[in-house]
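Here are the chains, one letter per residue:
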Amino acid sequence: VHTTCPHPTVIMSFMSYTARPYVLHEANYKQVMALNPNVALLPWGATEAHNYHLPYGTDVSEANAVAEEAVRLANARGARCILLPCVPFGIDHTQLNQKATVTMRASTQQAVLRDVAESMVKQGIDRLIVMNFHGGNDFISMIRDIMLDLPIFIVQVHGYMTDPKV
């Protein structure tokens, strides 16, 4: 079965589509229902210049890659984790002199994190892991405030500080 998307050059084949059911952007509703996750992992990066040798999306690319593998490994050991889409914007106020850097205020990050947490709670997901991949982001006080108001356990992991050998 083929269907054409609004853009005539894009054709999607749903019959041959294979997804990792733990990656929300790939999975369909049936796969997510079968997984029945109770833990969500939210990668959080930044969109900023990394000098001349790395792309602006380095933090997002790394966050997605590490988070995908973490959720895969956790689920292989019996967990029921779902990987949420990466938040691509961090706190980059000091880099606004670099073209095309996008920054968020801490209050905006807290609003996004709260809305994500509230969405998870309403769906029976009671644990949220924020996998941070940008040194300017810090969610500890935000997490404490959100956990005071919502029945969810949230933890922050600095993905850029993890050691793949451990």
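Engineer: Describe the overall build of the chain, listing the residues and the values that go with them.
Structural biologist: Scanning the chain from terminus to terminus reveals four helices and six strands. Its helices and strands taken in sequence order, the chain reads β-β-α-β-α-β-α-β-α-β from the N to the C terminus. Relative to its full complement of 166 residues, the chain shows a buried share of 37%. The long-range fraction of contacts in the chain, counting pairs at least 24 apart against all pairs at least 6 apart in sequence, stands at 68%. Here the chain displays about 10,100 Å² of accessible surface, and carbon together with sulfur accounts for 59% of that area.

Engineer: Account for the sheet that holds strand β6 (residues 153–158), naming residues and giving values.
Structural biologist: Overall, parallel pairing links the four strands, which are arranged β4-β3-β5-β6 in an open sheet. Unpaired on one side and paired on the other, β4 (81–83) and β6 mark the two borders of the sheet. When the angles between neighbouring strand axes are averaged without regard to direction, this sheet yields 20°. Where strand β5 (residues 127–132) meets β6, six bridges bridge the pair, whose relative direction is parallel. Counted as the bridge partner of arginine 127 is phenylalanine 153 from β6. Relative to the sheet, helix α3 (residues 106–122) contacts β3 (39–44), β5 and β6, its axis offset from that of β3 by approximately 160°.

What counts, and where the lines are drawn
- Residues numbered from 1 in each chain as written.
- Predicted model: local features only at pLDDT ≥ 70, side-chain atom pairs only at ≥ 80, totals over all residues.
- Heavy atoms only, no water.
- Helix = DSSP H or I, 4+ residues; strand = E, 2+ residues; numbered from the N terminus.
- Buried < 20%, exposed > 50% of the residue type's maximum accessible area, 1.4 Å probe, protein only.
- Contact = heavy atoms within 4.5 Å.
- Areas by Shrake-Rupley, 256 points an atom, 1.4 Å probe, with all protein chains shown as cover.
- Pairing = 2+ DSSP bridges.
- Axes fitted to C-alpha atoms, helices over the stretch in contact; angles between N-to-C directions.

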